[in-house]
Amino acid sequence: MQRLTDQIMAHVEGLPEGTGVSAKALLHFGNRAAVDQALSRLARRNRLIRAGRGLFLLPVHGRFGTRAPSIEEAIRAMAANRLGFTTQVPMRSIYLTSGRSQTFGLGEQTVELRHAPRWQLLLGDRPAGEAIRALAWLGPEAAEARMAAVKARLAPGDFSELVAIASQLPSWLARCVTKFAYG
């Protein structure tokens, strides 16, 4: 049987570069205390980077040594940028979380995690989830005007997924989504 640290490393090494992992995401390997200890051990041995409380990243090994992944690799670009609503590149990296707001260092870069309402985190990093955050970023006034562009950029199944959770969205956004789905 493989050791817990080896199982965790095999799992983490199979993830895309910069993907964060927490103990909660690894509970299929063992109980919480054992997973926490294994992650701490891996961080002490420099096999993982502790990016913040409970968040670990796989270091990038290059010809100039080991480094932390870039913020762009570690956290996905803003949904508004991905959906083409803005081409701006943020000077400061701010990301949404269901947890508490906090700031942490990733190498020499600083990342701010901001608490967001539950509805903005629905569907995670799937295309429909990114659409929710992009529409929230646009706000009630502009969202309806851009809804046609969102629908055009989403695959039919992704748009159906967005429509299916409309009841969990704020009224202004649910109205906008259902209007384009049924109206």
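Residues numbered from 1 in each chain as written. Predicted model: local features only at pLDDT ≥ 70, side-chain atom pairs only at ≥ 80, totals over all residues. Heavy atoms only, no water.

## Describing helix H8 (residues 171–182)
Right, so step 1: For H8, spanning 12 residues, the distance from its first C-alpha to its last is 16 Å, which sits close to the expected 16 Å at 1.5 Å a residue.
Right, so step 2: By the burial criterion, the buried members of H8 are Leu173, Ala174, Cys176 and Val177. For H8, the angular spread of the buried residues around the axis is 160 degrees, confining them to a single face. Looking at H8, the residues exposed on the side facing more than 90 degrees away from the buried face are Ser171, Arg175 and Tyr182.
Right, so step 3: Residues of H8 that are buried sit in contact with helix H5 (127–138), helix H6 (140–153) and helix H7 (156–164). (Helix = DSSP H or I, 4+ residues; strand = E, 2+ residues; numbered from the N terminus. Expected span 1.5 Å × (residues − 1). Buried < 20%, exposed > 50% of the residue type's maximum accessible area, 1.4 Å probe, protein only. Arc of directions from axis to C-beta. Contact = heavy atoms within 4.5 Å.)

## Digging into H7
Right, so step 1: Of all the residues in H7, the buried ones are Phe159, Leu162 and Val163. An end-on view of H7 places all buried positions within 100 degrees of arc, on one side of the element.
Right, so step 2: Packing partners of the buried residues in H7 comprise H5, H6 and H8.

## Thoughts on the pattern of salt bridges
Any two side chains of opposite charge can pair, on the condition that their charged atoms come close.
Right, so step 1: The full count for this structure, using the stated rule, is five salt bridges.
Right, so step 2: A salt bridge links Arg3 to Asp6; the nearest nitrogen and oxygen atoms lie 3.7 Å apart. (Salt bridge = Lys/Arg side-chain N within 4 Å of Asp/Glu carboxyl O.)

## Observations concerning the packing of H7 against H8
Right, so step 1: In the contact formed by H7 and H8, the axes pass within 9 Å of each other and the chain directions differ by 130 degrees. Put simply, H7 runs oblique to H8. Judged by the sense of rotation from one axis to the other, the crossing of H7 with H8 is left-handed. On the side of H7, the interface is formed by Phe159, Leu162 and Val163, while H8 contributes Val177, Phe180, Ala181 and Tyr182. (Axes fitted to C-alpha atoms, helices over the stretch in contact; angles between N-to-C directions. Parallel < 35°, antiparallel > 145°, perpendicular 65-115°, else oblique. Left-handed = near helix turned anticlockwise from the far one by under 90°.)

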